[in-house]
Amino acid sequence: MTKKIVLGLAIVAVAALVAMPASASCIPGKSAQSFNVQAGQYAYWTSTSTDGNLLGLTWQLGAPGTWNGNGGVVNCNTFSWMYFSPAGANVNLDLGSCGSGCPANGSTLAVLGQHQPAGSTKTNFILATVVETPANTVNFDYSAQGNHNFVELSRPHVVSSSRAGSTVNLNLSLPSIAGGLYGPNAASAVTGYVVRSVSASARPDRNAASYGTVLGTFPASGGVAASAAVGVDCSNIANDQWVVTQLSFEGGAVVSQVVSEPTQVKCNPALADPKFKIVPKKAGSLNPNN
């Protein structure tokens, strides 16, 4: 019964793929899928739920200027090419229908998934890579890799802090994200973490653009743990500062659309020392258009 449901979903997905408009930048078009109907293979990327907001980014590993789904006349993000079925997240993309450029023959495709489960303040992510098999029915066939798991993009942890006037100086620990990397040379895509912040009276959403201040970019080749020393502006005592981590790939050429759960920095100067806490668990929007 489960197989029939999955196959039905795959057929609907293929129909959606065919219906996309053609692009002159990649002819003939190439496909990237987490299922291969002809081979009878189905793989799923599982998160803590199948509810909430799901976003995807894609590019050619090591050469985002050659192929990048986040550009071109038709941006791939206008299509729901990454979506949840009951078993988990699915990938179904016609690279000839959107994006900028075309992946080189035999190249490796990187796909980044970003998920905020409904009712959670946390952000989960996955980065998976696969080498093209040009003769295959599916050019970039993720189904052969089997199932993968999303992992949490953890918030920055405050190791120590001090106050100098209206500036709160923070020494941060940025946890490793290596557990969310799958496929050949996936770790090579991750080059560091961007630490961002915003002054606000309440916790903002997970949209990276909501955190307008970039406090710094810190190298972390392969997604290893890193440390960061930053200062936040607490001159507006009516608000607090909210500090988050954003993923940086390919030397900053690609960055995640969403950020981690924030660390809250209390800006009240009446406090003897800065105080920090995890924000209350409350759902927020992941959609960059919100």
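Residues numbered from 1 in each chain as written. Predicted model: local features only at pLDDT ≥ 70, side-chain atom pairs only at ≥ 80, totals over all residues. Heavy atoms only, no water.

Colleague: Pulling in residues and values, what's your account of unusual backbone geometry?
Modeller: For the peptide bond that leads from Ile27 to Pro28, omega is -5 degrees, which places it in the cis range. Note on placement: Pro28 falls in the loop between helix 1 (2–19) and strand 1 (31–33). Phi is positive for Glu250, which is not a glycine, with a value near 50 degrees. (Helix = DSSP H or I, 4+ residues; strand = E, 2+ residues; numbered from the N terminus.)

Colleague: Tell me what's going on with the side chain of Ser260, and back it up with residues and numbers.
Modeller: Tracing the sequence through the fold places Ser260 in the loop between strand 22 (254–255) and strand 23 (263–265). Overall, Ser260 belongs to the buried group, its relative accessible area being 0%. If we ignore the near neighbours within four places in the chain, the residues touching Ser260 are Thr123, Leu153, Ser154, Arg155, Pro156, Arg206, Val244 and Thr245. (Buried < 20%, exposed > 50% of the residue type's maximum accessible area, 1.4 Å probe, protein only. Contact = heavy atoms within 4.5 Å.)

Colleague: Describe the sheet that holds strand 20 (residues 226–233), listing the residues and the values that go with them.
Modeller: Reading across the sheet, the three strands line up as 15-16-20 and stay open at both edges, with antiparallel pairing between neighbours. Of all strands in the sheet, those with a lone pairing partner are strand 15 (157–164) and strand 20, marking the two edges. Shown here is a sheet whose adjacent strand axes are inclined to one another by a mean of 20 degrees, direction ignored. Note: strand 16 (residues 167–174) against strand 20, eight bridges, orientation antiparallel. The residue bridging Asn169 from the neighbouring strand is Gly231, located in strand 20. (Pairing = 2+ DSSP bridges. Axes fitted to C-alpha atoms, helices over the stretch in contact; angles between N-to-C directions.)

Colleague: How would you sum up the state of the cysteines? Please name residues and give values.
Modeller: Linking two cysteines covalently via their sulfur atoms produces the bond known as a disulfide. Using the criterion set out here, one finds three disulfides in the structure. Between Cys26 and Cys102 runs a disulfide, and the two sulfur atoms are separated by 2.1 Å. Of this pair, Cys26 sits in the loop between helix 1 and strand 1 while Cys102 sits in the loop between strand 9 (100–101) and strand 10 (108–116), placing them 76 residues apart in sequence. Here Cys234 connects covalently by a disulfide to Cys267, the sulfurs 2.0 Å from one another. Its S-S torsion of approximately -60 degrees makes the covalent link between Cys234 and Cys267 left-handed. Residue Cys234 is located in the loop between strand 20 and strand 21 (240–249), and its partner Cys267 is located in the loop between strand 23 and strand 24 (276–278); the two are separated by 33 residues in the primary sequence. According to the relative accessible area criterion, Cys267 is buried, its value standing at 2%. (Disulfide = S-S within 2.5 Å.)

Colleague: Report on the confidence of the model for the chain, specifying residues and quantitative values.
Modeller: Residues at a pLDDT of 70 or more form 84% of the chain, whose mean pLDDT is 87. Per-residue pLDDT stays below 50 along residues 278–290; that stretch engages in 41 contacts with residues further than four places along the chain or on separate chains. (pLDDT = per-residue confidence, 0-100.)

Colleague: Quick rundown of the nonpolar core? Include the residues and the values.
Modeller: Trp59, Leu127, Leu170, Leu172, Ile177, Val195 and Phe249 are the most contacted members of the largest nonpolar core, which totals 32 residues. Every element with two or more residues in this core is listed here: strand 5 (53–60), strand 10, strand 11 (124–131), strand 16, strand 18 (190–200), strand 20 and strand 21. The contacts of Val195, once residues within four sequence positions are left out, are Leu172, Leu174, Thr213, Val214, Leu215, Gly216, Phe218, Ala228, Val230, Val243 and Val244. Counting residues in each nonpolar core, the second largest holds 22 residues, with Trp45, Leu54, Cys98 and Phe140 among its members. (Core = buried A, V, L, I, M, F, W, Y, C linked by side-chain atoms within 4.5 Å.)

Colleague: A description of the environment of Val131 should follow, citing residues and the corresponding values.
Modeller: Within the secondary structure, Val131 sits in strand 11. Sequence separation between Val131 and Ala110 is 21 residues; the distance between their C-alpha atoms is 9.2 Å.

Colleague: Describe the pairing of strand 21, and please don't skip the residues or the numbers.
Modeller: The element strand 21 is extensively covered by neighbouring structure, given that 10 of its 10 residues are classed as buried. Residues Asp240, Trp242, Val244, Gln246 and Ser248 of strand 21 are buried on one face, and the alternating residues Gln241, Val243, Thr245, Leu247 and Phe249, pointing to the opposite face, are buried as well. Alignment of strand 18 against strand 21, held across 10 bridges, turns out to be antiparallel. Looking at the pairing, Val198 lines up with Trp242 of strand 21. With three bridges joining them, strand 21 and strand 23 adopt antiparallel strand pairing. From the neighbouring strand, Val243 faces strand 23, where its bridge partner is Thr263. Note that strand 21 and strand 22 share two bridges and pair antiparallel. Each bridged residue has a counterpart across the sheet, and for Ser248 the counterpart in strand 22 is Val255.

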